[in-house]
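Letter by letter, the chains look like this.
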Amino acid sequence: GREICGKCRHGFTAIRETTEETGIPCRLLPVNLVSRVCPAIETEHLPDQARLFKGSREPIVVQTRRLGEGEIKLIWWFVAAVNEGEPVGQHEKHKFEVDFYSYDTVLEKLTFKDDRELVKKAIELVKSSVGTAGDLFPST
């Protein structure tokens, strides 16, 4: 079966893991995403085809990585934004270096070609969905 839009539980895990690993509180950023998921409310039978979901907080990509013989890691990728008003906590310093980079710099720093392509897609989704940086971080 297909995922139902708005019912993806992986987003909660993504936010928790990101905050634990980086110490940076964040939230899923709604983007306009073309996907094959089912709408949250189906009023009729819909064919299995891609459609536009505005303001989606669904994963933008699901990636697999082979870890060893018979071991595969599933990675659910989301677009997130920093909760700027919240304090930064501790992060897993022995595993991760945490820093902020411009779009261009981050693409240069990524090791894997697949990761670069994925981040390019995320950047395009943010730019086309959000518009200006002011929309990302509304004043409170």
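Our structure is the block above this text.
Here is a short report on the structure shown in this document. (Residues numbered from 1 in each chain as written. Predicted model: local features only at pLDDT ≥ 70, side-chain atom pairs only at ≥ 80, totals over all residues. Heavy atoms only, no water.)

1. A closer look at the pattern of salt bridges
One pass over the structure, following the stated rule, counts 5 salt bridges. We note a salt bridge from aspartate 48 to arginine 36, for which the minimum N-O separation is 3.2 Å. Placement of aspartate 48 in the loop between strand E2 (31-35) and strand E3 (51-56) and of arginine 36 in the loop between E2 and E3 is noted, with a sequence separation of 12 residues between them. Its relative accessible area of 45% is what places aspartate 48 among the partly exposed residues. A salt bridge links lysine 120 to glutamate 117, with the nearest nitrogen and oxygen atoms 3.5 Å apart. Of the two residues, lysine 120 and glutamate 117 are both situated in helix H3 (residues 113-130); the distance of 3 residues between them amounts to about one turn of the helix. (Salt bridge = Lys/Arg side-chain N within 4 Å of Asp/Glu carboxyl O. Helix = DSSP H or I, 4+ residues; strand = E, 2+ residues; numbered from the N terminus. Buried < 20%, exposed > 50% of the residue type's maximum accessible area, 1.4 Å probe, protein only.)

2. Concerning the side chain of aspartate 115
Along the polypeptide, aspartate 115 turns up in helix H3. Judged by its relative accessible area of 10%, aspartate 115 falls in the buried class. Not counting residues within four places of it along the chain, the set of residues in contact with aspartate 115 comprises Gln63, Arg65, Trp77 and Leu110. (Contact = heavy atoms within 4.5 Å.)

3. With respect to the nonpolar core
Grouped together as the largest cluster of nonpolar side chains are 10 residues: Leu29, Val31, Leu33, Ile60, Val79, Ala81, Ala122, Leu125, Val126 and Val130. Where this core is concerned, the elements lending two or more residues are E2 and H3. In terms of residues, this core owes the most to one element, H3, which gives 4 residues. One finds Ala14, Ile15, Cys26 and Phe78 within the second-largest nonpolar core, a separate group that totals 5 residues. (Core = buried A, V, L, I, M, F, W, Y, C linked by side-chain atoms within 4.5 Å.)

4. A few points about the pairing of E2
Taking every second residue as pointing to the same face, the buried face of E2 carries Val31, Leu33 and Ser35, while none of Asn32 and Val34 on the other face is buried. Bridge count for E2 against E3 is 4 bridges, and the pairing is antiparallel. The partner of valine 31 across the bridge, within E3, is serine 56. (Pairing = 2+ DSSP bridges.)

5. Let's talk about H3
Taking 1.5 Å as the rise per residue, H3 with 18 residues should run 26 Å; its terminal C-alpha atoms sit 26 Å apart, in good agreement. Listed in full, the buried residues belonging to H3 are Asp115, Leu118, Val119, Ala122, Ile123, Leu125, Val126 and Val130. All buried residues of H3 lie within an arc of 160 degrees about the axis, which places them on one face of the element. Across from the buried face of H3, at angles greater than 90 degrees, the exposed residues are Lys113, Asp114, Glu124, Lys127 and Ser128. (Expected span 1.5 Å × (residues − 1). Arc of directions from axis to C-beta.)

6. Focus on the packing of aromatic side chains
On inspection of all chains with the given rule, the structure shows 0 aromatic pairs. In this structure, arginine 65 is placed above the aromatic ring of phenylalanine 112, and the distance from its NZ or CZ to the ring centre is 4.9 Å. (Phe/Tyr/Trp six-rings, centres within 6.5 Å; stacked < 30°, edge-to-face > 60°. Lys NZ or Arg CZ within 6 Å of the ring centre and 35° of its normal.)

7. Details of the pairing of strand E4 (residues 61-68)
Pairing of E4 with strand E5 (residues 71-77), which is carried by 7 bridges, proceeds in the antiparallel orientation. Considered in E5, the bridge of valine 62 is made with tryptophan 76. The antiparallel pairing of E4 with E5 creates a hairpin that spans 2 residues between the two strands, and glycine 70 there sits at a positive phi of about 75 degrees.

8. Brief notes about a nonpolar patch on the surface
A contiguous nonpolar surface patch, about 370 Å² in accessible area, is contributed by Val62, Ile72, Leu74 and Trp76. A total of 3 residues in the nonpolar patch trace back to one element, the largest contributor, which is E5. Structurally, leucine 74 can be placed in strand E5. (Patch = residues over 30% accessible without salt bridge, like charges linked within 9 Å, V, L, I, M, F, W, Y side chains within 5 Å. Areas by Shrake-Rupley, 256 points an atom, 1.4 Å probe, with all protein chains shown as cover.)

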